[in-house]
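Close look at the chain arrangement
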Amino acid sequence: VQLQASGGGLVQAGGSLRLSCVASGRTFNNYGMGWFRQAPGKEREFVAAISWSGVGTSYSDAVKGRFTISRDNAKNTLYLQMNSLKPEDTALYYCATHKLIFAVPGSSTSAYAYWGQGTQVTVSS
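On a predicted model such as this, the values are computed, not experimentally measured, just so you know.

Now for the pattern of salt bridges. In this structure the tally under the stated criterion is four salt bridges. Salt bridges linked by common partners bring Arg 37, Glu 45, Arg 66 and Asp 89 together as one network.

Every regular strand shows the same layout, with side chains that alternate between the two sheet faces. With seven of eight residues buried, strand β4 (residues 31-38) is to be regarded as a mostly interior element. The pairing of β4 with strand β5 (residues 45-50) spans five bridges and is antiparallel. Its bridge partner being in β5, Arg 37 is matched across the sheet by Glu 45. Between β4 and β5, which pair antiparallel in sequence order, lie six residues; one of them, Gly 41, sits at a positive phi of approximately 80 degrees.

Taken as a whole and judged by the stated rule, the model has one disulfide. Each disulfide pairs two cysteine sulfurs, and for Cys 21 the partner residue is Cys 95, the sulfurs being separated by 2.1 Å. Handedness here is read from the sign of the S-S torsion; for Cys 21 and Cys 95, about 65 degrees, the answer is right-handed. With Cys 21 in strand β3 (residues 17-24) and Cys 95 in strand β9 (residues 91-101), the pair connects residues that are 74 residues apart, well separated along the chain.

As a further point, take the packing of aromatic side chains. Scanning the entire structure with this criterion turns up five aromatic pairs. With 5.0 Å between their ring centres and 80 degrees between their planes, Phe 36 and Tyr 112 make a pair best called edge-to-face. Taken together, the positions of Phe 36 in strand β4 and Tyr 112 in strand β10 (residues 112-115) put the pair 76 residues apart, joining distant regions of the chain. Taken individually, Phe 36 and Tyr 112 each receive the classification buried, so the pair is uniform in this respect. An aromatic cluster is defined as three or more aromatic residues linked by ring pairs; in this entry it consists of Phe 36, Phe 46, Tyr 112 and Trp 115. One residue, Arg 44, lies across the ring of Tyr 94, its end atom 3.7 Å from the ring centre.

Residues Trp 35, Val 47, Phe 67, Leu 78, Leu 80, Met 82 and Tyr 93 are the most contacted members of the largest nonpolar core, which totals 26 residues. Elements represented by at least two residues in this core include exactly β1 (2-6), β3, β4, β5, β7 (67-72), β8 (77-82), β9 and β11 (119-124). For this core, the element with the most residues is β3, which contributes four residues. With sequence-adjacent residues up to four places away left out, Phe 67 is seen in contact with Arg 37, Val 47, Tyr 59, Leu 80, Gln 81, Met 82, Asn 83, Leu 85, Asp 89 and Tyr 93.

Reading guide: rules and limits
- Residues numbered from 1 in each chain as written.
- Predicted model: local features only at pLDDT ≥ 70, side-chain atom pairs only at ≥ 80, totals over all residues.
- Heavy atoms only, no water.
- Salt bridge = Lys/Arg side-chain N within 4 Å of Asp/Glu carboxyl O.
- Buried < 20%, exposed > 50% of the residue type's maximum accessible area, 1.4 Å probe, protein only.
- Helix = DSSP H or I, 4+ residues; strand = E, 2+ residues; numbered from the N terminus.
- Pairing = 2+ DSSP bridges.
- Disulfide = S-S within 2.5 Å.
- Phe/Tyr/Trp six-rings, centres within 6.5 Å; stacked < 30°, edge-to-face > 60°.
- Lys NZ or Arg CZ within 6 Å of the ring centre and 35° of its normal.
- Core = buried A, V, L, I, M, F, W, Y, C linked by side-chain atoms within 4.5 Å.
- Contact = heavy atoms within 4.5 Å.

Structure representation (structure tokens):
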């Protein structure tokens, strides 16, 4: 299983970015997916998750109302639309696929089996 994340970059506070994550090597649309992030010196934290069908989503309180997770199962691609970015959103962002088929993805890193390499998001003030 390979996950390739892209779309990160440098943006001013208040700006927007859209991250993408292309999956291969597994039946993409059978598994929930998630986005996590890790800032320097901090633990990896949950950002958002989406069910295998795309109907169910969840967000951390830190990004709720600003970020939107979505997926296109026909393209084996996961997205994270990030609006109203803040300097505290600066981190390396990872996509991940859940361990269990058709399971509802949660916020725990231990529930995810495969991880992408990360894409850097830097928000300047």
